[in-house]
Amino acid sequence: MDFHQVLRRSPRLMVSRKNLIPDGGDQLQEEIDVARRFFFSGGDRPMDMKLPDGRSAIALAASAAGFTLAVMTMSPEGLLAPIAALFLSPRERVSKTLGCLLAVALGCVLLLAAVDVDLRVSSLSVAAFLAVALSVGSIVSAGVLFPTASAAASSAGFCGSAFSGEEAPLLAHVHPADREAAEQAISRSSRSGVPQIITCRQRQADGTYRHAEFRADPGYSVSVAVDPMVQTPTERWTTARSLRGTAEAVRAAKVIETLHGAAFAFDPLGTFTYATPIAQTSIAMTLEDLNRPLGGGSFIEGGDLGWKLGVHPDDYEPAARRLRHCLRTGEHFNFEYRVLRATGDYVWHQFAIRPTRGDDGAITGWYGIGFDIDVYKKTEAALRESRQELVQLIDTVPALIWSCTPEGRPTYVNRQFTEATGATLSDLAGPDGSATLNVVHPDDRPDALDNFNRSVANGFSYVAKYRQQRSDGSYRWTETRAQPLRDETGAIRQWYGVSVDIDDLVLAKAALQERERELAQLVDIVPVHLWRLTPAGEPMYFNRRMIDFLGLGVDDIAGVGIGKLEAVIEATVHREDAAEFRAALGRSLASGGGFAMRYRLRRADGTYRWMSSRAEPMRDHTGRIVQWYGLCHDIDDQVHAENALRASERTLRQLVETLPAMIDCAAPDGEPIYRSRQLREFLGYELEVLDETSRSRLSGTLEAGVHPDDLSGVREIYGRSLATGAPYARRHRLRRFDGAYRWVETRAAAMRDEDGNVVQWNVICLDIDGEVRAQEELRLAREGLARASQAASLAELSASIAHEVNQPLMAIVAYANATQRWLAANPPNVERAQRTVELAIQSATTAADVVSRIRSLFSQSTDARQDTALESIVTVVSDLMAEEAIRHHVRLEVEIESDLPVLMLDRVQIQQVLVNLMRNGMEAMDAVPSGRVLQLHVRRESDMARSEIIDCGMGIEIADRIFEPFFTTKAGGMGMGLAICRSIVEAHGGRLWVENNEPRGARFVFTLPFSNSVTA
């Protein structure tokens, strides 16, 4: 039998090549290489020999069929067969080259998928195909590219089949002195199932011996590390010179040695007479070392021998005590303790020792065996630790774990299950031991139990979602999954399941579905048209409102030779807007920028309506556009309103520009923002000129235009209006473009928003220079008339009859003077002089009437009274007092109830009462800085006419005495006016009184009876 056959018959024995081949060992190296080629090729022939089984023909046929299938189906999967066939090639180089090419191609495709986003999907598909092809080829090649463990092991040493008599040629390479140890290592490996590693001398090609590791492998791997034994081959195995009656024990030990590899014998007193060579070398002790006395006499009497030094200190005393007991009693010794190896490691051994007896039954000796159980101990400890970790893992994992028998009877629940549900294992099983699912909600239990029983019966995986009870009585949604554990025959050995709390997920999913439903409804009912485009711009979605508006959906769009987008544009966008729409959308699609445009869109009834459309792209995490979202808002009414508003603005602007008044608009802080053409022409400069200075527009306008004497007053009042929002009204002089100052009346009112905030001031400025000058002249005349009237009143008071005569007399004088001035003018103003003369004549007549009325007043005469409408008297008085009101900066508000009956009264006297009361009210408001308003209200009250003159002055402090003769609050007053007014009113059957007005001012009230209620 050659060397190859020896190797082939010994697959479980491996001898390491470490330090095996010396320099020049070419013959042995060649034999090893031949052996390696033998094992890789599967026979005695080298790898490049032609196979006899026709694999080349198989490879060729499979390749042709695969390529044909790939071409017919246009799919790369058909190439799997040719690739697998090529791996069957008898040439190792072909298979290895093909495998390398596939691996390189796979790397290139994966790199392409990572770099090019557009080709990622197709690249990953090709990568998956190449990975499958490489895996298939590896499996088919059966170790050509990826050798199996046995093949790898073979490359490192020698292997053969089961040991028999043919193993001698292999052990022939072992030194004769070490051969017995090698045989015992093989025996121990076969008996214990644990690899045995020793050191022995191996014969080289040149006949010399070198140390190498000898490994006896049981044929399968172990999960823990195996410490090698140590041997000193130079030392001779020793046996006791005298067996002292233990010959039978030694023979038994040697028998055991041939079976198990490690045995020993000692006499009845505990002295060793034989030890297996491998045992001696592993503990580095000979028989002399084992039996060396350590003191205390013989072992059986309590003394210690040298083998004590080879036992772990913690294990020696109990082991020795048990052995002495057995020596004395003849009981069998079975004990485990740790033995010290020559390497310095303590290794667990299990010792079994039995006695031999003579014909008389007396113990003649002892023989035993020591099993190396260190691997088992380590494995057992690892299993215990692993089991403990597994139990802790199962109990601490945040899931409910359980198991059942193949019939579905619960066998285990973890701690999390019990803590979460409050149910123990006994709570889950019925009387017959079957699962009851008591922790499942009653509404979900029938379906869950039915599905569970069906899975148990059919062996299918169990998946269920139901509400599971918690220890506090609540129910939470739970997903339970269970899988069967099967043995090698496919029979179910156990069911394992896990229940995961998905209540938050279920609620979140329900909420998400509700939000999706609400969002879908919102998208369909929102009053805008929503649409979606692909990254290339093709329409892919219209919401319900848009479909109803257009009368078509995305699926209804079709065009001959054009895309959907172009078809939509042609069908819906107004032809005048289509080109701009295409260009704007095209720019957005190309650049990724937002789209915004106004255009007309065709409605289903054929009409076009203006739309405001916007669109933005949605991007993924890489920034790539995945789709476009847009909306169209119907702004047709808004567009028409804007057009109408622009037309209205043009009309209003033209109106403002053509009004015979100067218009100004200012910001809330008073800064001018607009001026009409008339104002710009009056001032002689544009508004923008003010921006060239360091002052504000408002300051520049006031300082450049308002007369210096009026500037402070304008600033004060206008500033108060800006601060309070109150209306502004004032007369002042304004500089014209030619440098002349002209009187103007400026009024400003605030324009407010819906919250009442001032958003703009609108100002009108009227040129009243001519009127002011005429009114000033008239005022001067009236002031003279008033002074004359006061003097006349004083003279009449002294006579008690002529109080009211002075006014018409002074009026005559004033009119005469005015007539004189008009006539002295160049040229003479005859028309004005004539009018003044007429007024003088009228005043003279009034004076005569006043004298007559006063006389009749004192004589209680009513001859001058006649039916008169009070409204006509009020109108005359209002016109008469209008100029005086302007002079006092007072605004008159007159309100007369319509359809008042006539009154029997003296027109002149009542007129004098109204004039006197209104003049007093105006004079009372001289101290009021702003908001001077004099109100005259006339209304019906039962059978009386009630007249109220209301001012906003300082009010009346002494209301009881104000009507007394000669009592006055004025510095130059006579104190007779109000007394005469009360006398006139009371003479007409009425009453006059005064009230303080809230929040300030005074209210003078007098009543007059209607004509049918006055008696003579």
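For the structure itself, look to the data block above.
Small disclaimer: the values here were computed from a predicted structure and weren't measured.

Counting 40 residues, the largest nonpolar core has Leu870, Leu914, Leu917, Ile949, Phe1004 and Phe1006 as the members making the most contacts within it. When contributions to this core are tallied by element, the ones reaching two or more residues are helix H28 (870-887), strand S28 (903-905), helix H29 (907-924), strand S29 (933-941), strand S30 (944-950), helix H30 (977-987), strand S31 (991-996) and strand S32 (1002-1009). With seven residues, H29 is the largest single contributor of residues to this core. Setting aside residues no more than four positions away along its own chain, Leu917 makes contact with Ile949, Leu978, Leu992, Phe1004 and Phe1006. One finds Trp531, Phe595, Met597 and Ala615 within the second-largest nonpolar core, a separate group that totals 26 residues.

Moving on: the sheet that holds S32. Taken together, the five strands give an open sheet; going across it, the order is S27-S29-S30-S32-S31, and neighbouring strands pair in mixed fashion. Because the sheet does not close on itself, it has two edges, and the strands there are strand S27 (891-896) and S31. When the angles between neighbouring strand axes are averaged without regard to direction, this sheet yields 15°. Relative to S29, S27 runs parallel, the two sharing six bridges. The residue of S29 that forms the bridge with Glu895 is His937.

Between its first and last C-alpha, helix H14 (residues 374-396) extends 32 Å over 23 residues, near the 33 Å set by a 1.5 Å rise per residue. Residues of H14 that are buried include every one of Asp374, Val375 and Asp395, and no others. On its buried face, H14 is in contact with strand S9 (346-357), strand S10 (363-372), strand S12 (410-413) and helix H15 (415-421).

Within the fold, Ser1011 resides in the segment after S32. As for Ser1011 and Met904, which are separated by 107 residues in sequence, their C-alpha atoms are 4.5 Å apart. Not counting residues within four places of it along the chain, the set of residues in contact with Ser1011 comprises Asp867, Val902, Leu903 and Met904.

Here we take up a negative patch on the surface. On the surface, a cluster of negative charge is made up of Glu871, Glu895, Glu897 and Asp899. Note that Glu897 resides in the loop between S27 and S28. The partly exposed category is assigned to Glu897, whose relative accessible area is 37%.

The next point concerns the packing of H29 against H30. Axis angle and axis distance: for two packed helices, these are the angle between their axes and the distance between the axes, and together they describe the pair. One can describe the packing of H29 onto H30 by two numbers: an axis separation of 10 Å at closest approach and a directional angle of 145°. Here H29 runs over H30; the crossing is left-handed. Contact with H29, carried on its side by Gln909, Ile910, Val913, Asn916, Leu917 and Asn920, involves Gly977, Leu978, Cys981, Ile984 and Val985 of H30 and no other residues of that element.

Now for helix H13 (residues 313-329). Taking 1.5 Å of rise per residue, 17 residues should cover 24 Å, and H13 covers 25 Å from first to last C-alpha, within 8% of that figure. Lining the buried residues of H13 we find strand S4 (264-266), strand S7 (304-305), strand S8 (333-340), S9 and S10. Gly330 lies just past H13 and shows a positive phi near 85°.

So, on to the environment of Arg1003. Positionally, Arg1003 belongs in strand S32. Taking the C-alpha atoms as reference, Arg1003 lies 9.2 Å from Ile956; in sequence the two are 47 residues apart. Every residue in contact with Arg1003, bar those within four places of it in the chain, is listed here: Glu948, Ile949, Ile950, Trp993, Val994, Glu995 and Asn997.

On inspection of all chains with the given rule, the structure shows eight cavities of 30 Å³ or more. Space inside the largest cavity adds up to approximately 450 Å³. Taken together, 26 residues line the largest cavity, and the ones lying closest to its centre are Phe264, Ile283, Tyr337, Val339 and Phe351. Only S4, strand S5 (272-275), helix H11 (277-283), S8 and S9 provide two or more residues apiece to the lining of the largest cavity. Element by element, the count of residues in the lining of the largest cavity is highest for H11, at four residues. Here the lining of the largest cavity is built from residues that sort into 19 nonpolar, five polar and two charged.

Of all five residues that make up strand S11 (residues 400-404), five are buried, and the element is covered over most of its length. Neither face of S11 is left uncovered, since the one carrying Leu400, Trp402 and Cys404 and the one carrying Ile401 and Ser403 both have all their residues buried. The turn linking S11 back onto S12 is made up of five residues, and Gly408 within it adopts a positive phi angle of 95°.

For the pair helix H23 (residues 697-705) and helix H24 (residues 708-724), the least separation of the axes is 10 Å and the interaxial angle reads 150°. In terms of orientation, H23 and H24 fall into the roughly antiparallel class. Along this stretch, H23 crosses H24, giving a crossing that reads as right-handed. Within the contact between the two elements, H23 uses Leu698, Ser699, Leu702 and Glu703 and H24 uses Leu711, Val714, Arg715, Tyr718 and Leu722. Of the residues belonging to the contact of H23 with H24, the class tally is six nonpolar, one polar and two charged.

Calculation rules
- Residues numbered from 1 in each chain as written.
- Predicted model: local features only at pLDDT ≥ 70, side-chain atom pairs only at ≥ 80, totals over all residues.
- Heavy atoms only, no water.
- Core = buried A, V, L, I, M, F, W, Y, C linked by side-chain atoms within 4.5 Å.
- Buried < 20%, exposed > 50% of the residue type's maximum accessible area, 1.4 Å probe, protein only.
- Helix = DSSP H or I, 4+ residues; strand = E, 2+ residues; numbered from the N terminus.
- Contact = heavy atoms within 4.5 Å.
- Pairing = 2+ DSSP bridges.
- Axes fitted to C-alpha atoms, helices over the stretch in contact; angles between N-to-C directions.
- Expected span 1.5 Å × (residues − 1).
- Patch = residues over 30% accessible without salt bridge, like charges linked within 9 Å, V, L, I, M, F, W, Y side chains within 5 Å.
- Areas by Shrake-Rupley, 256 points an atom, 1.4 Å probe, with all protein chains shown as cover.
- Salt bridge = Lys/Arg side-chain N within 4 Å of Asp/Glu carboxyl O.
- Lys, Arg positive; Asp, Glu negative; His and termini not counted.
- Charge placed at Lys NZ, Arg CZ, Asp CG, Glu CD.
- Left-handed = near helix turned anticlockwise from the far one by under 90°.
- 1 Å grid on protein atoms, 1.4 Å probe; cavity = no way out; pocket = protein on both sides within 12 Å on 5 of 7 lines; lining within 4 Å.
- Points joined across faces, edges and corners; volume = space filled by probe spheres on them.
- Nonpolar A, V, L, I, M, F, W, Y, C, P; charged D, E, K, R; others polar.
- Parallel < 35°, antiparallel > 145°, perpendicular 65-115°, else oblique.

In short, shape yes, function no, at least from these values alone.
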